[in-house]
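Given next are the chains, with one letter for each unit.
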Amino acid sequence: MALKIVKGSIDRMFDKNLQDLVRGIRNHKEDEAKYISTCIDEIKQELKQDNIAVKANAVCKLTYLQMLGYDVSWAAFNIVEVMSSSKFTYKRIGYLAASQCFHENTDVIMLTTNQIRKDLSSPNQYDTGVALTGLSCFVTPDLARDLANDIMTLMSHTKPYIRKKAVLIMYKVFLKYPESLRPAFPRLKEKLEDPDPGVQSAAVNVICELARRNPKNYLSLAPLFFKLMTSSTNNWVLIKIIKLFGALTPLEPRLGKKLIEPLTNLIHSTSAMSLLYECVNTVIAGQYSCSVGSVCLRISVVKYLGLLAMSKILKTHPKSVQSHKDLILQCLDDKDESIRLRALDLLYGMVSKKNLMEIVKKLMIHVDKAEGTTYRDELLTKIIDICSQSNYQYITNFEWYISILVELTRLEGTRHGHLIASQMLDVAIRVKAIRAFAVAQMATLLDNAHLLTGNMQRNGICEVLYAAAWICGEFSEHLENPVQTLEAMLRPKVATLPGHIQAVYVQNAAKLFATILKNQEGNTDSTAAQETSQLMIDRLPLFVQSANLEVQERASCILQLVKYIQKLQQKDVEVAEEVSALFAGELNPVAPKAQKKVPVPEGLDLDAWINEPPSESESEDEQPKAIFTKEEPKHSRPRHTEVDEKELARRREARKQEQANNPFYIKASPSSQKVYQETPGVEHIPVVQIDLSVPLKVPGLPMSDQYVKLEEERRQKERAEKKKKEKKKRKEKRSGRGKKHDSGPESEEDITPAHVVDIVTEEMPENALPSDDDDKDPNDPHKALDIDLDKPLADSEKLPVRSHRAAGAPKSPAEDGEAENATPQEPKKKSSKEKRDKKKDKERDRKVRLRCWKHSPPSGRKSDSRSAQSEGRTKSSKHKKKKQKKEKEEKEKKKKKKHHHHHHHSDGGGEESVQNGTVEEEEPLPVSVCDIQGNLQDGSQVVVSVIFENKSDSFLKSMEFNVLDSLNSKLQRPEGSGPHDGLTVPFQLPPGVSNEARFVFTVQSIVMPQKLKGTLTFIVKDSSTHEKLDFKLHFTCTSYLITTPCYSDAFAKLLESGDLKSSSVRLEGVNMPFHHLLARICFHHHFSVVERIDSCASMYSRSIQGHHVCLLVKTSGQTVSIDAKCDEPTLLGNVLDEIKQTFSQC
Amino acid sequence: MIKFVLMVNRQGQTRLSRYYHSVELSRRAALEADVVRYCLSRKKDQCSFVEYKDFKVVYRQYAALYIVVGITDSENELSIYELVHNFVEVLDKYFSRVSELDIMFNLDRVHIILDEMIQNGHIVETNKSRILAPLTAIDKMVES
């Protein structure tokens, strides 16, 4: 019979294995999804069987399906089953599946702690190996903490196979549990000298990763690495070592010198490109003066990497790269776009005053040749980037730049018209000396507008006309022939341009008009002026009919104005002065951050009321409008409104003074322009006149080249002059010390710009605060590893050795809290609360301990508790003994302990922490510790997990758990049992053992907190007497909340929906940092932070019945105000009460 | 650090995937498809390193099979390029002239080989016989 069963299962095992599945999928190409769904059904059947071989086969197939993208998380528990198989072949399949499917939030991971520990200590090295490999994929902070010590032991295992794996996985452990780094480091260091090269390599890998965080710690290891570097022959290890040295050299310059020799040796001897590349990289990154050039030649075989390396060289040795300019420019011809783009990046970094013109000239040639608009546009933006970088630092001749921009406008089909336009505007506004030239060029552009209007699409090149028109209008005083430009601007063809450009045309036509009037006013013959007016009146109606509102409005306004002016002109009234007053004043560029940086003047409180605040009732009327109720600004009101007259007068005076000194402050008086000119500016600086022998203004002819030539001539001249001067100087100095003057190749500083240009900086407010950009990334996962390793180890830092956490000394939760760092826990507070409750209940004296576990990361805490329990079951005898002793001393004193857990929702995939309720239990002798965990499942069910721990010396059996149901909450009993029957606890408890049982409660309404009374009856084996233990289950409202993440947009939508009722609470005297406060709310009340801005945060949570609870938490000083919204006001009120209670115990 | 190792064929079907940092299942499919498309679109004379989002991709083609490795910025591309070849050599040695079918039907074995070579996103072993030692031991164990 038994044989039959075995045979049958073997047959089934061969039903379909992985190979069959793979083949099957290949044979069902048309209906793959259908085939796979039948396979999954089969697998589900297989998983239900008891035969581990069948299960393993099923899990193996699941792993394959998972790879294909099918979700197999439902089989997580079966995977754990297969993992715990004693047969290696199955165990391996289990671990493989786990490493593929599990992640940090998989809830069953907490079940694996003991299994993994068992496997780690298995005598079979492959068991250990497979456990280590698997662990590296799904280690959680809790696993890391619980297993850190075991893995550390394995680092000294006799077999190198295990050692190397253990060393490598330690890195993952460090990441998840940074506290382990310091205690484990000495052993890690030892492993660098391990006899086995594989272990060495693993240690190098780990330290290399660690050193990226805090290289200083690893400086002392340099000699060791130096030895390894000269002895190792493994290229991969060498690469890592060289990388590590790359991180160390900046800290210890002497190291660099020492490394030159081995590095150059490697460069010349190695045949591996990767090693060569790494050496070059390090040579470059460090301050070694190696012969970089020759190396670059060699690596130019691998162009892409060569270019990458070059960009690194550039940062330290710009000159050595600049000599390879031609090589890089050649790369622009490469077929591969990645290489071309890299080369462009490189060019951006290597321009200087000297070579800018040349490089841009080459780029312009490429622009002409380039195929495809995308790449051409890329080139165009790069040219502009290169030229405009660091505030036009490298441009010596702005006339050249303007001509480049004008040339770029001839590109066909570009989408960067807007970019060119903004550059033109920027240069014209900020470089005053160039305005005359710019205006002339722009006038030509306007004249030839028909060349540019071919491309009317958005951001097309016609955008340039926008800039041209504006420049011509704004700086019209520089125009040579304003009438002609005006005529060009009012051509009928203009009406085909996009609306926003037309608007600029119209407005600037008016500016031009004003200038023309001014010029012509002096003339005796007034007909010219009148003709201009007539021109305006003739042409403007075209724009008045425009479909674009902006154009229409401006045009009709200006048309009326011109008509009026014409009338005045006919009466021979001088109007020019008044018309030009319309457009008086300078426009200065304002820094983008200027507004933000305006410092709040001393004594100004932006939150203070200007008028008396409206009465309380009024503010309440306003409440419904605001998303959250307004905070009453009690504290800041009266003080600031009572500043005396004198003080005000003094301030006014000071302000005036300040304004007078501020050149950028535009005063109300018409003399503003004058004030501006008084500041030392460009006007006073003589502009070098260049004799332009070439007619620059011929349209359609590339002219930037001529500038290059001119520039060269000019530089030569300058150089000659300089040499002369130097000679003189030298002669003078020869009598002195004979100091050397390096007159070698000209350096950056030697090049003086053709024009003395004053680049107007962007305006910033006075006393602008320095920018406070934080360059540290708070999300860096490795941040935690920034630990000082040189400090001696403290006792408290020892790695946790297995112990019964739950049964530990009363301070253990606090310790855990420290260890976890991120989980603030307040056991004391809760317990005091409990105490109070109990006093109310007039119960007998007792000690209550309660542990609350933080929920996030959810699985983390869960597994902790689980492991704590399981440890309790297996290995905590020592602790127990102690406890028992204590208990004897305390004799009748009763102890109780509570353990609250947040548990996992098995469905839906979300993590819900749940029942924060407490159990109050009163106990006669033997049962002394009772851990209770809450757990919720769907809408109306609450699962309470109770951990029974027997702390007595006697064996307990026949335990029955019963709760007195309330109308609202009922214990779910098996069918057929009466409403008052107790539930049998499905196990017996030997002394010192704990176990967990779960009970399901049905809850109808979750809006109110409730307490349920219950009893536990049991029989003590020796005495055979029935004992009874009373307790209370406390379901708080918070326990019905489930931490649910919420995105800010969804959150905003929710608040706007108007379905939510609001309420608020104010907490006084809360003395803790804001983030602690938030953490505490998250932890105790299952909220998640949606958004946080300074001292204000929005939080969200959901109840098991789908109520939304939104909080807005604000803090100022010791006052915390919480405005809340929820669709169920009673629930909200209770939750707020509970929050208040949490903080009242601070 | 190595972020993932993929084996895909020309049709874009995944033959093996191994992630060394957790990626959601739904994202994996998108990422794989994306990366593969990227690699397939490149010509033979183009280089084997591609920048993709915040990491780099190193790929190598063997007949119809592509091996694609995602690495962080700090990793040496060429060393990974050589590692891929090493991996293929090991597979070749074990399966004696490895083919796509070998990989499909012996996925678990390929995984063992890969795990011997890369752990935790780091190269742990590159010596062929040492990589294969556990696998041969396991094979013997299964046979007996």
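Predicted model, so just to flag it, every value in this text is computed and none were measured.

### Some remarks on the overall build of chain A
In step 1: When you go through chain A residue by residue, the secondary structure sums to 46 helices and 17 strands.
In step 2: Within chain A, buried positions represent 50% of all 1146 residues.
In step 3: Contacts in chain A between residues far apart in sequence, at least 24 positions, make up 71% of those at least 6 positions apart.
In step 4: Accessible area of chain A: about 55,900 Å², with a carbon and sulfur share of 52%.

### Focus on the interface of chain B and chain A
In step 1: On the side of chain A, 54 residues touch chain B, which itself brings 50 residues to the contact.
In step 2: Of the roughly 4,800 Å² buried at the junction of chain B and chain A (both faces included), carbon and sulfur atoms supply 54%.
In step 3: Among the residues chain B hides against chain A, the three largest losses belong to F105, Q119 and N120 of chain B. Together they make up 14% of the total.
In step 4: Put simply, chain B and chain A have four salt bridges between them.
In step 5: Here E116 of chain B makes a salt bridge to K165 of chain A, at a shortest N to O gap of 3.2 Å.
In step 6: Here chain B is connected to chain A by 18 residue pairs in polar contact (both at pLDDT 80 or more).
In step 7: Sorting the residues of the side of chain B that touches chain A by element identifies strand 2 (14–19), helix 1 (25–40), strand 3 (49–52), helix 2 (77–95), helix 3 (100–105), helix 4 (107–117), strand 7 (122–123) and helix 5 (128–143) of chain B as the ones contributing at least two each.
In step 8: In the side of chain B that touches chain A, the residues fall into 21 nonpolar, 14 polar and 15 charged.

### Things to note about the sheet that holds strand 4 (residues 55–62) of chain B
Residues and elements named next belong to chain B.
In step 1: A sheet is described by the order of its strands in space; here five strands give the open sequence 2-1-5-4-3, paired in antiparallel fashion. The two strands at the open ends of the sheet, each matched to only one other strand, are strand 2 and strand 3. For this sheet, the mean inter-axis angle between neighbouring strands, taken without regard to orientation, is 20 degrees.
In step 2: Judged from the five bridges that link them, strand 1 (residues 2–9) and strand 2 form a sheet pairing that is antiparallel.

### Focus on the pattern of salt bridges
Residues and elements named next belong to chain A.
In step 1: Applying the stated criterion across every chain yields a total of 30 salt bridges over all chains.
In step 2: The closest approach of N and O atoms between D142 and R145, which form a salt bridge, is 3.1 Å. Note that D142 and R145 are positioned in helix 9 (residues 141–154) at a spacing of three residues, about one turn of the helix. Like D142, the residue R145 is buried in the burial classification.
In step 3: Its salt-bridge partner being E358, residue K362 comes within 3.6 Å of it at the nearest N-O pair. With K362 and E358 both in helix 22 (residues 356–369) and four residues apart, the pair spans about one turn of that helix.
In step 4: Exposure remark for K362: the relative accessible area of 29% places this residue in the partly exposed category.

### Comments concerning the side chain of T128 of chain A
Residues and elements named next belong to chain A.
In step 1: Position of T128 relative to the elements: it lies in helix 8 (residues 125–138).
In step 2: Here S122 takes part through its backbone oxygen, which lies 3.4 Å from a polar atom of the side chain of T128.
In step 3: With sequence-adjacent residues up to four places away left out, T128 is seen in contact with D119, L120, S122, L154 and I162.

### Thoughts on the packing of helix 13 (residues 222–231) of chain A against helix 14 (residues 235–248) of chain A
Residue and element names in this part refer to chain A.
In step 1: Between helix 13 and helix 14, the least distance of the axes is 10 Å, while the angle of their chain directions is 145 degrees. As for the relative orientation of helix 13 and helix 14, their crossing is left-handed in sense. Here A222, F225, F226, L228 and M229 of helix 13 lie close against helix 14, whose contacting residues are L238, I241, I242, L244 and F245.
In step 2: Tallied by class, residues from the contact of helix 13 with helix 14 come to ten nonpolar, no polar and no charged.

### Notes on helix 13 of chain A
Residues and elements named next belong to chain A.
In step 1: By the burial criterion, the buried members of helix 13 are A222, L224, F225, L228 and M229. The arc that holds the buried residues of helix 13, viewed along the axis, is 155 degrees, so those residues lie on one side. Counted as exposed and oriented over 90 degrees from the buried face of helix 13: P223, K227, T230 and S231.
In step 2: Along its buried surface, helix 13 packs onto helix 12 (197–211), helix 14 and helix 15 (253–269).

Calculation criteria
- Residues numbered from 1 in each chain as written.
- Chains lettered and ligands numbered in written order.
- Predicted model: local features only at pLDDT ≥ 70, side-chain atom pairs only at ≥ 80, totals over all residues.
- Heavy atoms only, no water.
- Helix = DSSP H or I, 4+ residues; strand = E, 2+ residues; numbered from the N terminus.
- Buried < 20%, exposed > 50% of the residue type's maximum accessible area, 1.4 Å probe, protein only.
- Contact = heavy atoms within 4.5 Å.
- Areas by Shrake-Rupley, 256 points an atom, 1.4 Å probe, with all protein chains shown as cover.
- Buried area = accessible area lost by both parts, 1.4 Å probe.
- Salt bridge = Lys/Arg side-chain N within 4 Å of Asp/Glu carboxyl O.
- Polar contact = N/O pair within 3.5 Å; in protein donor to acceptor, adjacent residues only side chain to side chain.
- Nonpolar A, V, L, I, M, F, W, Y, C, P; charged D, E, K, R; others polar.
- Pairing = 2+ DSSP bridges.
- Axes fitted to C-alpha atoms, helices over the stretch in contact; angles between N-to-C directions.
- Left-handed = near helix turned anticlockwise from the far one by under 90°.
- Arc of directions from axis to C-beta.

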